[in-house]
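Listed below, chain by chain, are the residues.
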Amino acid sequence: MLGNDAMSFIRAKKWKQTESLLKQISKNSGESLEYFYLKGAYLYSRGNFPEEKKNIGKALEINPVHDPSNYVIGMIYTKYRNYDSASEFFGRAANAGTYNPFYRMNFATTLFLK
């Protein structure tokens, strides 16, 4: 699956391979939830915060309860030290129905920092 491969390349900071897969995903599925989420995660990892927030926002327009997108936008707000907004999005990710301990840990941390 291209999305899993793209996320693996993002984690390994293999930017050229990530960009290549993002082009393939865009070509195959157009402006999809997967594309906007992965593009936003990629841009976040590269430190391009204004642009990646836009992509994650588009992913959340498609599916407001997409837990990985809520998590990434929570990370963006944490980077800006906007803990009120960060905790809102981490809470959405934590309550989305999937269990991910990082969602809950970051949710609790931002609640503490508010």
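Residues numbered from 1 in each chain as written. Predicted model: local features only at pLDDT ≥ 70, side-chain atom pairs only at ≥ 80, totals over all residues. Heavy atoms only, no water.

## Here's the deal with helix H7 (residues 101-113)
Given a rise of 1.5 Å per residue, 13 residues ought to cover 18 Å, and the 18 Å separating the end C-alpha atoms of H7 matches this to within 8%. Within H7, burial applies to Tyr103, Asn106 and Thr110. Seen along its axis, H7 keeps its buried residues to an arc of 75°; they face one direction. Buried residues belonging to H7 abut helix H5 (67-79) and helix H6 (83-94). At the N-terminal boundary of H7, the capping side chain belongs to Asn100, with an oxygen 2.9 Å from the backbone nitrogen of Phe102. (Helix = DSSP H or I, 4+ residues; strand = E, 2+ residues; numbered from the N terminus. Expected span 1.5 Å × (residues − 1). Buried < 20%, exposed > 50% of the residue type's maximum accessible area, 1.4 Å probe, protein only. Arc of directions from axis to C-beta. Contact = heavy atoms within 4.5 Å. Polar contact = N/O pair within 3.5 Å; in protein donor to acceptor, adjacent residues only side chain to side chain.)

## Points about the packing of helix H1 (residues 2-11) against helix H2 (residues 15-29)
Closest axis-to-axis distance for the H1/H2 pair is 8 Å, and the angle between their directions is 155°. Classified by the angle their axes make, H1 and H2 are roughly antiparallel. The crossing of H1 and H2 is left-handed. Only Trp15, Gln17, Thr18, Leu21, Gln24, Ile25 and Asn28 of H2 make contact with H1, whose side of the interface consists of Leu2, Gly3, Asp5, Ala6, Phe9 and Ile10. When the residues that make up the contact of H1 with H2 are grouped by side-chain class, the tally is seven nonpolar, five polar and one charged. (Axes fitted to C-alpha atoms, helices over the stretch in contact; angles between N-to-C directions. Parallel < 35°, antiparallel > 145°, perpendicular 65-115°, else oblique. Left-handed = near helix turned anticlockwise from the far one by under 90°. Nonpolar A, V, L, I, M, F, W, Y, C, P; charged D, E, K, R; others polar.)

## Re H6
Look at H6: 16 Å from first C-alpha to last across 12 residues, which is about the 16 Å you get at 1.5 Å a residue. Among the 12 residues in H6, nine count as buried, and that is most of the element. For H6, every residue scored as buried is listed here: Tyr83, Ser85, Ala86, Ser87, Phe89, Phe90, Gly91, Ala93 and Ala94.

## Things to note about the packing of aromatic side chains
Counted under the stated rule, the structure contains five aromatic pairs. Between Tyr71 and Tyr103, the ring centres sit 5.1 Å apart and the planes meet at 40°, which makes this aromatic pair tilted. On the criterion of sequence distance, the pair formed by Tyr71 in helix H5 and Tyr103 in helix H7 is long-range, its members being 32 residues apart. Residue class for Tyr71 comes out buried when judged on its relative accessible area of 19%. With centroids separated by 5.7 Å and ring planes inclined at 15°, the aromatic side chains of Tyr77 and Phe89 adopt a geometry described as stacked. With Tyr77 in helix H5 and Phe89 in helix H6, the pair connects residues that are 12 residues apart, well separated along the chain. Of the two residues, Tyr77 and Phe89, both sit in the buried class. Clustering of aromatic rings is evident, with ring pairs tying together Tyr71, Phe90 and Tyr103. (Phe/Tyr/Trp six-rings, centres within 6.5 Å; stacked < 30°, edge-to-face > 60°.)

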